[in-house]
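# Remarks on the overall topology
Each chain, letter by letter, is given below.
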Amino acid sequence: MTVLIAASLFYATRVSVAAPDGTKVAAAYRFKELPIAMPPGYDQLPKRTVRTVNPAYEKIRSWISSVGASIAINDVTGNGRASGMCIVDTRTDQVTVTYTPTARQADRFTPFLLDASPLPVDNTMAPTGCTFGDFNADGRMDILVSYWGRTPILFLARSDARTPSPRAYVPRELVPSQSQDGRYHGPRWNTDAVHVSDLDGDGHPDIVIGNYFPDSDVLDPHGLKNVVMNDSLSRSENAGGDHVLRWTSATSGTRPTATYIKEPKAIPYGAATGWTLAVAGADLTGDVLPELYIANDFGHDHLLYNRSRPGHIRFTEAVGERTATTPKSFVLGQGSFKGMGVDFGDLDRTGRFDMVVSNITAAWGLEESNFVWKNRAADEAEMARELGDGVAPFTQEAREYGLAWTGWNWDVKMGDFLNSGNQDVVQTDGFVKGKTDRWPWLQEMAMANDLLLANPDMWPNVEPGDDIAGDDKLAFYARTADGTFTNISERLGLAVPIPTRALATGDTTGTGALDFAVARQWGPPAFYANTAPKRGNHLTLTLVRPSVGTAAKDSGDGLAALGSPAYGATVRATTPDGTEIAQLDGGGGHGGFRSFDVRFGLGDYDGPVTLHLRWRDADGTVHEAERRLNPGSHTLMLTGDAQEVPST
């Protein structure tokens, strides 16, 4: 009887929901791929298809080479449009700053490569992510670049810069490191995830760094044999783990600075040692402090409850509760799956944040399940009580939503591309592209004793020419009439058989149309303009706080915007159709970063929208306000009050 019950429960969790015909659903959407402007001479740069690695990794160098592509969309020029991009291209190991193909002429500039000199960067290092942010609160967009082989670098915008260019940014070490000989002597971090938000509520952006490999010479062909692999496929804790860096001070000017210090006890040790591939955050409890979700490969993900105060960052872990019908991996914080990406959003207009998490879900491979963690707290007060007691009140409902199985998944982003009031879900997909199928070898490794895994010599070969889920395609999930999702990527012409990694979204034209861009692993990036024949009305908010140490934008002050992004601000929008929550997302996920706009799709509704805003000012004081705004784009200056200001 026990065996029969167990088998029945397993089948119940694995049976697939019949996917509805997506032809009718897809007819409402349309995207046009547009060419991305790259720096002059970029096409002539040497292009690679695999990394040079530590000799211990040589036989699995294609596996080691499977991550690093990144992309972000935001307002680079300060002109009020999210029409700038930064791109990490693994083929060149360069970081490009450019404009979106949809940018108006006033927002265009000569694309360029970021130059980290005089900071030491050599061929044993490679960029893995680029994140926009205003790290010194001067109203100018800076860029944070993460790496394998070193700690991240902040590229801070100069006050005298009039247009984006290599000279417009001053590189600064995020983690102080001294060099007397011009070489790098700091920690050998191998970063695959970055999250930016005001963690301690002091009004300034803090940074979470998620590392994959332990500090070691991963990309050094002459490096020490100090490298390892994961020590388990389901509960590994021997990774580089997670670091929290707290903002302490900053200056503006022609030699800008931003100073951060490490908070080594911010995350409980047991939750900070995983093979992290994604980190995201949102305020679940209404105190304007973000909770964090850490997505780890080879083991448990973690939901962290924010107990911080200004000047002191502290998280505790909350874990889901298991019932008699709940598989172990469907208990939040107890899963054995391969967390690859995460995004927060209001999936059903409940006024509460849910989470979508990418895992490996390849058919006849390591077929697990994506996660849709539905928020089951009655309100923010109940969520605070539950998290405070160490309980995560979320249920796993990916199968019920039709989002359980895609392929070998990575970044995931929710967004309302039709402005209908319904969130769509876009997910990157694919691992190593080649001609020789290595799934049998991978399956054999998955059945091996965990004691063998940490030694790279015990892994099966994954070299150039080998293929593992190499033909998996980008997924675009749209809502159907019955409330489930269906993947319409093929019908939209988005299903290019090149492994994809990172996603960035943004209203790049200021018209309410949500566009998106994709970073591919060992392939060119792509930009997709939203050309849907009919979109609903929208309410798009730019939320800023007063800048520090800079003149007003209308005085022609170069790259300065109207203000600095109001990190941590959340908004509830109420119409006759219901209430939806959204936030200013400072940056999170796996390699892809959306713009700072806070968007609501309104469908056919064209009346005033009631907004409830909650934010912290530059001193960390919490404020709330209600406003009624008509559909369209609005800029609000958040101080002790929320005042609308003219957009540029």
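Residues numbered from 1 in each chain as written. Predicted model: local features only at pLDDT ≥ 70, side-chain atom pairs only at ≥ 80, totals over all residues. Heavy atoms only, no water.

## As for the overall build of the protein
The number of helices and strands found in the protein is seven helices and 40 strands. Summarising its shape, the C-alpha atoms of the protein cover approximately 70 × 65 × 45 Å along the three principal directions. Within the protein, buried positions represent 63% of all 648 residues. With an accessible surface of roughly 23300 Å², the protein has 52% of that area assigned to carbon and sulfur atoms. Within the protein, the 79 negative side-chain charges are centred at a point lying 3 Å from the centre of the 59 positive side-chain charges. (Helix = DSSP H or I, 4+ residues; strand = E, 2+ residues; numbered from the N terminus. Buried < 20%, exposed > 50% of the residue type's maximum accessible area, 1.4 Å probe, protein only. Areas by Shrake-Rupley, 256 points an atom, 1.4 Å probe, with all protein chains shown as cover. Lys, Arg positive; Asp, Glu negative; His and termini not counted. Charge placed at Lys NZ, Arg CZ, Asp CG, Glu CD.)

## Notes on the sheet that holds strand β4 (residues 94–99)
The strand order β5-β4-β3-β2-β35 describes an open sheet built from five strands, whose pairing is mixed. Taken across any chain shown, the strands that pair with only one partner, and hence form the sheet edges, are β5 (112–113) and β35 (592–593). Where β4 lies against β5, two bridges are found, and the strand directions are antiparallel. Across the sheet, Thr96 pairs through a bridge with Leu113, a residue of β5. (Pairing = 2+ DSSP bridges.)

## Let's talk about the environment of Gly345
Within the secondary structure, Gly345 is located in strand β18 (residues 341–345). Judged by its relative accessible area of 8%, Gly345 is buried. Sequence-wise, Gly345 and Gln423 are 78 residues apart; in three dimensions their C-alpha atoms are separated by 8.2 Å.

## So, the nonpolar core
Core analysis: the biggest nonpolar cluster contains 65 residues, and Tyr169, Ile207 and Leu543 have the highest contact counts within it. Among the elements that line this core, the one with the most residues is strand β8 (residues 153–157), at five residues. Beyond its immediate stretch of four places on either side in the chain, Tyr169 contacts Val76, Phe112, Leu114, Met141, Ile143, Phe155, Leu156, Ala157, Arg158, Pro164 and Leu559. Grouped together as the second largest cluster of nonpolar side chains are 36 residues, Ala56, Met229, Val432 and Trp459 included. (Core = buried A, V, L, I, M, F, W, Y, C linked by side-chain atoms within 4.5 Å. Contact = heavy atoms within 4.5 Å.)

## Comments concerning the UniProt feature "domain: ASPIC/UnbV" (unreviewed entry) in the protein
If you check UniProt for "domain: ASPIC/UnbV" (unreviewed entry), the listed places come out as residues 566–623 in our numbering. Annotated as residues 566–623, this span is 0% helix and 52% strand, and its ends, taken at the C-alpha atoms, are 12 Å apart. (UniProt positions renumbered as here; feature names shortened; annotations may be inferred.)

## Describing helix α6 (residues 439–446)
For α6, every residue scored as buried is listed here: Trp439, Leu442 and Met445. Along the long axis of α6, the arc covered by the buried residues comes to 120°, so they all point the same way. Pointing more than 90 degrees away from the buried face of α6 are the exposed residues Pro440 and Glu444. Where α6 is buried, its residues touch α3 (61–64), β24 (436–437) and β25 (466–467). (Arc of directions from axis to C-beta.)

## Some thoughts on the packing of aromatic side chains
Under the defined criterion, the tally for this structure stands at 30 aromatic pairs. Relative to Phe109, the ring of Tyr99 lies with its centre 5.9 Å away and its plane at 80°, an arrangement referred to as edge-to-face. Taken together, the residues span a long stretch of sequence, with Tyr99 in strand β4 and Phe109 in the loop between β4 and β5 at a distance of ten residues. Here Tyr99 falls in the buried class, since its relative accessible area comes to 14%. The ring of Tyr147 has Arg150 sitting right over it, with the charged end atom 5.8 Å from the ring centre. We note Arg438 situated over the ring of Trp441; from NZ or CZ to the ring centre the distance is 3.9 Å. (Phe/Tyr/Trp six-rings, centres within 6.5 Å; stacked < 30°, edge-to-face > 60°. Lys NZ or Arg CZ within 6 Å of the ring centre and 35° of its normal.)

## A word on the environment of Gly210
Mapped onto the elements of the fold, Gly210 is located in strand β11 (residues 206–211). Here the alpha-carbon distance between Gly210 and His623, two residues 413 residues apart in the chain, equals 31 Å. If sequence neighbours within four positions are ignored, Gly210 has contacts with Thr191, Asp192, Ala193, Gly241, Asp242 and Thr276.

## Some words on helix α4 (residues 380–388)
Within the sequence span of α4, burial applies to Glu380, Met383 and Leu387. Here the buried residues of α4 occupy an arc of 55° about the axis, which is enough to place them on one side. For α4, the N-terminal cap is Asp379; the gap from its side-chain oxygen to the backbone nitrogen of Ala381 is 3.2 Å. (Polar contact = N/O pair within 3.5 Å; in protein donor to acceptor, adjacent residues only side chain to side chain.)

## What to know about the state of the cysteines
Here the structure, examined in full by the defined rule, presents one disulfide. Disulfide pairing places Cys86 opposite Cys130 at an S-S distance of 2.5 Å. The sign of the S-S torsion, about 105°, decides the handedness of the disulfide formed by Cys86 and Cys130: right-handed. Pair noted here: Cys86 is in strand β3 (residues 84–89) and Cys130 is in strand β6 (residues 126–133), with a separation of 44 residues, a long-range link. Residue classification places Cys86 among the buried residues on the basis of a relative accessible area of 0%. (Disulfide = S-S within 2.5 Å.)

## Some remarks on the sheet that holds strand β37 (residues 609–616)
With antiparallel pairing, four strands are arranged side by side in an open sheet as β34-β33-β37-β38. What marks the edges here is a single partner per strand, and that holds for β34 (578–583) and β38 (622–629). The average angle at which neighbouring strand axes cross in this sheet is 15°, direction not considered. The pairing of strand β33 (residues 570–575) with β37 spans five bridges and is antiparallel. Among the inter-strand pairings, Ala573 is bridged to a residue of β37, identified as Leu611. (Axes fitted to C-alpha atoms, helices over the stretch in contact; angles between N-to-C directions.)

## What to know about the pattern of salt bridges
What the rule picks out here adds up to 28 salt bridges. Between Glu263 and Arg246 there is a salt bridge whose closest N-O contact spans 2.5 Å. Of this pair, Glu263 sits in the loop between β13 (257–262) and β14 (275–282) while Arg246 sits in strand β12 (residues 241–251), placing them 17 residues apart in sequence. Residue Glu263 is classed as buried on the basis of its relative accessible area of 14%. (Salt bridge = Lys/Arg side-chain N within 4 Å of Asp/Glu carboxyl O.)

## Quick notes on the pairing of β33
For β33, the buried fraction is high: five of the six residues fall into the buried class. Pairing between β33 and β34: six bridges, direction antiparallel. From the neighbouring strand, Arg572 faces β34, where its bridge partner is Ile581. Hairpin connection, β33 to β34: the antiparallel pair is bridged by two residues.

## Some points on the side chain of Glu291
Relative to the helices and strands, Glu291 resides in strand β15 (residues 291–297). Looking at Glu291, its side chain comes within polar contact range of the main-chain nitrogen of Asn306, at 3.1 Å. Contact partners of Glu291, with chain neighbours within four places excluded, come to Ala280, Gly281, Ala282, Asp283, Leu284, Thr285, Leu304, Tyr305, Asn306 and Leu387.

## Considering the environment of Asp466
Looking at the element boundaries, Asp466 is found in strand β25. Between the C-alpha atom of Asp466 and that of Ile60, which follows or precedes it by 406 residues, the distance is 10.0 Å. Not counting the four nearest positions on each side in its chain, Asp466 is found in contact with Val432, Lys433, Gly434, Lys435, Thr436, Arg438 and Asn461.

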